[in-house]
Amino acid sequence: MRRVRKAVFPVGGMGTRFLPATKAMPKEMLPVVDKPLIQYAVEEAAAAGIEHFIFVTGRGKTALEDHFDHAPDLERTLSERGKFKEIEMVTSWMPKSGQVSYTRQTEPLGLGHAVWCARDLVENEPFAVILPDDLILSKTPCLRQMVDLHTEVGGNVVAVIDVPREHVKRYGILDVEHDNGRIARAKGLIEKPDPETAPSTLSITGRYILHPRVFEFLDKQQKGAGNEIQLTDAIAQTIGGVPFHGLRFEGTRYDCGDKVGWLSANIAFALAREDMHDQVAEVVQSFVK
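Scoring rules and cut-offs
Residues numbered from 1 in each chain as written. Predicted model: local features only at pLDDT ≥ 70, side-chain atom pairs only at ≥ 80, totals over all residues. Heavy atoms only, no water. Helix = DSSP H or I, 4+ residues; strand = E, 2+ residues; numbered from the N terminus. Rg over C-alpha atoms; globule rule 2.2 N^0.38 Å. Buried < 20%, exposed > 50% of the residue type's maximum accessible area, 1.4 Å probe, protein only. Arc of directions from axis to C-beta. Phe/Tyr/Trp six-rings, centres within 6.5 Å; stacked < 30°, edge-to-face > 60°. Axes fitted to C-alpha atoms, helices over the stretch in contact; angles between N-to-C directions. Parallel < 35°, antiparallel > 145°, perpendicular 65-115°, else oblique. Contact = heavy atoms within 4.5 Å. Nonpolar A, V, L, I, M, F, W, Y, C, P; charged D, E, K, R; others polar. Polar contact = N/O pair within 3.5 Å; in protein donor to acceptor, adjacent residues only side chain to side chain. Salt bridge = Lys/Arg side-chain N within 4 Å of Asp/Glu carboxyl O.

A few points about the overall build of the protein
Then comes step 1: When helices and strands are counted, the protein shows 11 helices and 13 strands.
Then comes step 2: Its C-alpha atoms give the protein a radius of gyration of 19 Å, within 12% of the compact-globule value 19 Å for 289 residues.
Then comes step 3: Each principal axis of the C-alpha distribution contributes one length, and for the protein these read about 60 × 50 × 40 Å.
Then comes step 4: Across the 289 residues of the protein, 47% fall into the buried class.

Overview of the environment of A46
Then comes step 1: Along the chain, A46 falls in helix 1 (residues 37-47).
Then comes step 2: Spatially, the C-alpha atoms of A46 and R144 are 9.1 Å apart, while their sequence positions differ by 98 residues.

Looking at the environment of L263
Then comes step 1: When you line up the elements, L263 lands in helix 10 (residues 259-271).
Then comes step 2: Its relative accessible area of 48% is what places L263 among the partly exposed residues.
Then comes step 3: Placed 230 residues apart in sequence, L263 and V33 show a C-alpha to C-alpha distance of 9.8 Å.

Let's talk about helix 9 (residues 231-238)
Then comes step 1: Within the sequence span of helix 9, burial applies to L231, T232, A234, I235 and T238. Taken end-on, helix 9 shows its buried residues confined to a sector of 160 degrees, consistent with a single buried face.

Description of the packing of aromatic side chains
Then comes step 1: Within this structure, the stated rule accounts for nine aromatic pairs.
Then comes step 2: A ring pair is formed by F55 and F68, whose centres lie 5.2 Å apart and whose planes are at 40 degrees; its orientation type is tilted. In this pair, F55 is assigned in strand 4 (residues 52-57) and F68 in the loop between helix 2 (62-67) and helix 3 (72-80), connecting sequence segments 13 residues apart. With respect to class, F55 is no different from F68; both count as buried.
Then comes step 3: Look at Y254 and F269: their rings are 6.4 Å apart centre to centre, the planes differ by 70 degrees, and that puts the pair in the edge-to-face class. Of this pair, Y254 sits in strand 13 (residues 252-255) while F269 is found in helix 10, placing the two residues 15 residues apart along the sequence.
Then comes step 4: With relative accessibility at 17%, the residue Y254 sits in the buried group.

Quick look at the packing of helix 10 against helix 11 (residues 277-287)
Then comes step 1: At a closest axis distance of 8 Å, the pairing of helix 10 and helix 11 adopts a crossing angle of 140 degrees. Judged by the angle between their axes, helix 10 and helix 11 are oblique. Here helix 10 contributes I267, A270 and L271 to the contact with helix 11, which in turn contributes H277, V280, A281 and V284.
Then comes step 2: For the contact of helix 10 with helix 11, the class distribution of residues is six nonpolar, one polar and no charged.

Topic: the side chain of K6
Then comes step 1: Within the secondary structure, K6 is located in strand 1 (residues 6-10).
Then comes step 2: Residue class for K6 comes out buried when judged on its relative accessible area of 4%.
Then comes step 3: Side chain to side chain, K6 and E123 meet in a polar contact 3.4 Å long.
Then comes step 4: Setting aside residues no more than four positions away along its own chain, K6 makes contact with I50, H52, I54, L121, V122, E123, E125, F127 and A128.

Observations concerning the pattern of salt bridges
Then comes step 1: Scanning the entire structure with this criterion turns up 19 salt bridges.
Then comes step 2: Notably, a salt bridge pairs E125 with K6, separated by 3.5 Å at the nearest N-O pair. One end of the pair, E125, is in the loop between helix 6 (119-122) and strand 6 (127-130); the other, K6, is in strand 1, and 119 residues separate them in sequence. Across this residue pair, the class does not change: E125 and K6 are buried.
Then comes step 3: K35 is the salt-bridge partner of E43, the closest N and O atoms lying 2.6 Å from each other.
Then comes step 4: We classify K35 as partly exposed; its relative accessible area is 21%.

Next comes the structure, spelled out in structure tokens:
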């Protein structure tokens, strides 16, 4: 079984739910405490052993690209002022030269289309997909947990959470064949089903490890829910020939594509830091008196 070395980051979206903040700034650059969402995603991938970081971008994403490059003026100024800790803060997490690739999604045709745009960079090997909007706070990075499971079961592995039945129409939902409470083996997958007909309430969140066979079906450019090319539709068509498992990961997921979810993530990640916990807890407490 080939090791998962590559990760795709679909970052071409416009971030309309955060306007006007995202009028001139990519939504993936929204900060949670003191790091942008996309940096959390890349650090999670690196902690899982990813060596090649593939960004599927769109217009107006130059700030994101610049974030993963050196800033000579800034670094020189920091060095002259003896701020070596700050230099480490802006450079220590950066991928090395040659580890980052960019490709453009020129039309907003859906998540499946965005992943398809990376096909020539992924080539014929298993790969991860990380949606930066889904930020996960956990002791062991979520993708690391998934990679460990993938070494055992192969095929497609997705991160899953249980959602209220009335919310299943927002997600890709697993049709479960066997479930031991942590790992669910699925025999099918449905994108945004009606609550009355949904086969379960086990939904995919923004982490995937995929078999390259998924590109055979993405190549067909078939549109599904929302008149978009859905990644889940292509995954569903691989089931039978490719094993498919959902992992209930350890950790808490925050939907940072939503304003309240993003605010919740800022509070949770700040409280998780030793240097900020007490002060932030005091501030939060002051609002609930």
